[in-house]
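Structure assessment
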Amino acid sequence: MTARIESIETLLVDLPTIRPHKLSMTTMACQTLVIVRMWHSDGIEGIGEGTTIGGLSYGPESPESIKRNIDCYLAPLLVGEPSSNLNALRARMHTQVRGNTIAKSALETALLDAQGKRLGLSVAELLGGARHDHLPVLWTLASGDTRKDIDEAFQRLDDRRHGDFKLKIGANAVDDDVRHVAAIKAALGDRASVRVDVNQAWDEATAVRGIAALQDAGIALIEQPIPAREHAGLARLAQRFVVPMLADEAVADARDGFSLAAAGFSGAVALKIAKAGGPRGALELAGVSRAAGIGLYGGTMLEGTIGTAAALHAWATLGELTWGTEMFGPLLLTDDIVTEPLNYHEFGVDLPRGPGLGVALDEDKLSFYRRKDG
Ligand code: MUC
Ligand code: MG
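As a further point, take the overall build of the protein. Along the protein, the regular secondary structure elements total 13 helices and 13 strands. Scaling as 2.2 N^0.38, a compact globule of 374 residues should have a C-alpha radius of gyration of about 21 Å, and the protein matches this with 20 Å. Its C-alpha atoms give the protein principal-axis dimensions of roughly 65 × 45 × 40 Å. Among the 374 residues that make up the protein, the fraction classed as buried is 57%.

What follows is the structure, encoded as C-alpha cells:
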C-alpha cells in the first residue's frame, strides 16, 4: 500500500553558540533551529531542519515565521498525500506557497530522510550517489577581536580541524576591516587560505577600495561585498579584480544563477539548501552554475546537525566543489540534539551513512532545548 504523510510537527530549538559570532548585520549568541518531524502511514518518521541567522536580520524568514508557515500553509498541502513522490510534493509546495524557501527546505529534507529510510538508501544515494565520503570544511573567524581570531585559527590548524578560514567583515569602517584581515592573513602566512564575507555591507565604490586592499593582502575569495540584488555590480567587480568574487545572498536558486551568469558574473556561488528551497533546488543551481563556468561552494546558514547532514548529502553528489564547504554549523553550538554527532577530522567532515540522513534525534536533548512556549 502506498504510504501517505500522516502528520507534521515543527519545533523551535534554541542552542547557545560557543562564543559570540559577529556578522555585519548581527551578533549571534544563540542559534534557533526549526526542526520538522514528519510521520508517515508506514510508521516511518522523516526529520528535517530549517534555520536562518539572527532573527530577521539576515533574510525575510524568521524561525517563528518558518514554524508558523509550515504549520498553517505548507503542512496542510502535504498531509494525506503519497509520501514517495517528491516531484509532486515539491510542485505542490512551490506552486501554492511563494518564497519561504527555508520552510520548504526543512520539509523536503524530511521527505528525503523518510524515503531513504523506506528504501534503505542514503539521501546522497537518492540524489544520484555520493562522489565523496569526506568533504573539506572551513571555519569562520568572527569573534570580532583580531588576537582572538588568530589564536582560534592556530588552534583549529593544530587540531587538523580546519585548514581554510573565512572572516566576517563589514560591520566596521573599511580601513579597520582591512587592517584586521591583513593582520590575520600575515599571522597565518602560507599555513592557511583566508577569505572574507562582507554580507552586503559595502556600496560598489567602497567595495572597489576594500577589495583592492584585500587582494594586496593575499585574500583568496571575496564573498558578497555589495547588496544581494546588485547583480550587474557584482559582475563588474568580478571582471575588475583577479581575486574571485563569491555570490551568496545574490543567488538562491537556478534562476538567480542564470541571471547572474547572463550579467557577466564569473567566480563562484554559495549553494545553500535553505536559499534554494531544499537539496534538489540547490543542486539545480549547481548545474546552471557549472554550465556557465562558475565555481561551486557548499554553503551553510549555520544549521545544526540535521540541516548540515542534509546539505552534505547534496554536496557529496557534486564532482567538483571548487571552494570546498563551510558546513561547520554544529561546531559553533554548545550542544546537539542528535544521538551521534557528525565526525569532523582531517580538515573536513565525514558524510553520515544512511539510510536517510544518517542522523537520529536525541529525545532527551530535544525536550530540554525545545522552546516550550512556541
Ligand atoms: C553567510 O552569509 O555566509 C555562513 C558562515 C557563517 O559564519 O555565516 C554564514 C552566513
Ligand atoms: Mg555569506
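Another point: the sheet that holds strand β6 (residues 164-168). Sheet architecture is open: seven strands sit in the order β5-β6-β7-β8-β9-β10-β11, paired in parallel fashion. The open sheet has two free edges, formed respectively by β5 (139-141) and β11 (295-298), since each of these has just one partner strand. Relative to strand β7 (residues 193-197), β6 runs parallel, the two sharing five bridges. Bridging from a neighbouring strand, L167 pairs with V196 of β7.

This part is about the side chain of S143. Summarising the element assignment, S143 is placed in the loop between β5 and α5 (146-158). At 3.1 Å, the side chain of S143 and the backbone nitrogen of D145 are in polar contact. Here the side chain of S143 touches D149 through a polar contact of 2.6 Å, side chain to side chain. Contacts of S143, omitting those with residues within four sequence positions, involve R19, P20, K22, K148 and D149.

Attention now moves to the coordination of the magnesium ion (ligand 2). Within the first shell, the magnesium ion (ligand 2) binds the protein through D197 (OD), E223 (OE) and D248 (OD), at distances of 2.0 to 2.2 Å. Look at where the donors of the magnesium ion (ligand 2) fall in the sequence and you get D-x25-E-x24-D. Here E223 is found in strand β8 (residues 222-223), whereas its partner D248 is found in the loop between β9 (245-247) and α9 (254-262), with 25 residues between them in sequence. Judged by its relative accessible area of 2%, E223 is buried.

This part covers the sheet that holds strand β4 (residues 134-136). Reading across the sheet, the three strands line up as β4-β13-β12 and stay open at both edges, with antiparallel pairing between neighbours. This sheet does not close on itself; its edge strands, each paired only once, are β4 and β12 (344-345). Taken together, the three bridges between β4 and strand β13 (residues 348-350) define a ladder with antiparallel strand orientation. Its bridge partner lying in β13, H134 is registered against D350. Helix-sheet contacts for helix α12 (residues 305-316) involve β4, β12 and β13, and the interaxial angle to β4 is about 95°.

Surveying the vicinity of ligand 1 reveals 15 residues, the closest of which are H21, Y58, K166, D197 and N199. Separating an oxygen atom of ligand 1 from a side-chain N or O atom of D197 is a distance of 3.0 Å. Within the side chain of E223, one N or O atom sits 3.1 Å away from an oxygen atom of ligand 1. Expressed as a share of its isolated accessible area of 280 Å², the protein-covered part of ligand 1 is 100%.

What counts, and at which threshold
Residues numbered from 1 in each chain as written. Chains lettered and ligands numbered in written order. Predicted model: local features only at pLDDT ≥ 70, side-chain atom pairs only at ≥ 80, totals over all residues. Heavy atoms only, no water. Helix = DSSP H or I, 4+ residues; strand = E, 2+ residues; numbered from the N terminus. Rg over C-alpha atoms; globule rule 2.2 N^0.38 Å. Buried < 20%, exposed > 50% of the residue type's maximum accessible area, 1.4 Å probe, protein only. Pairing = 2+ DSSP bridges. Polar contact = N/O pair within 3.5 Å; in protein donor to acceptor, adjacent residues only side chain to side chain. Contact = heavy atoms within 4.5 Å. Donors = N, O, S within 2.8 Å, 3.2 Å for Na, K, Ca; no water. Axes fitted to C-alpha atoms, helices over the stretch in contact; angles between N-to-C directions. Near = heavy atom within 4 Å. Areas by Shrake-Rupley, 256 points an atom, 1.4 Å probe, with all protein chains shown as cover.

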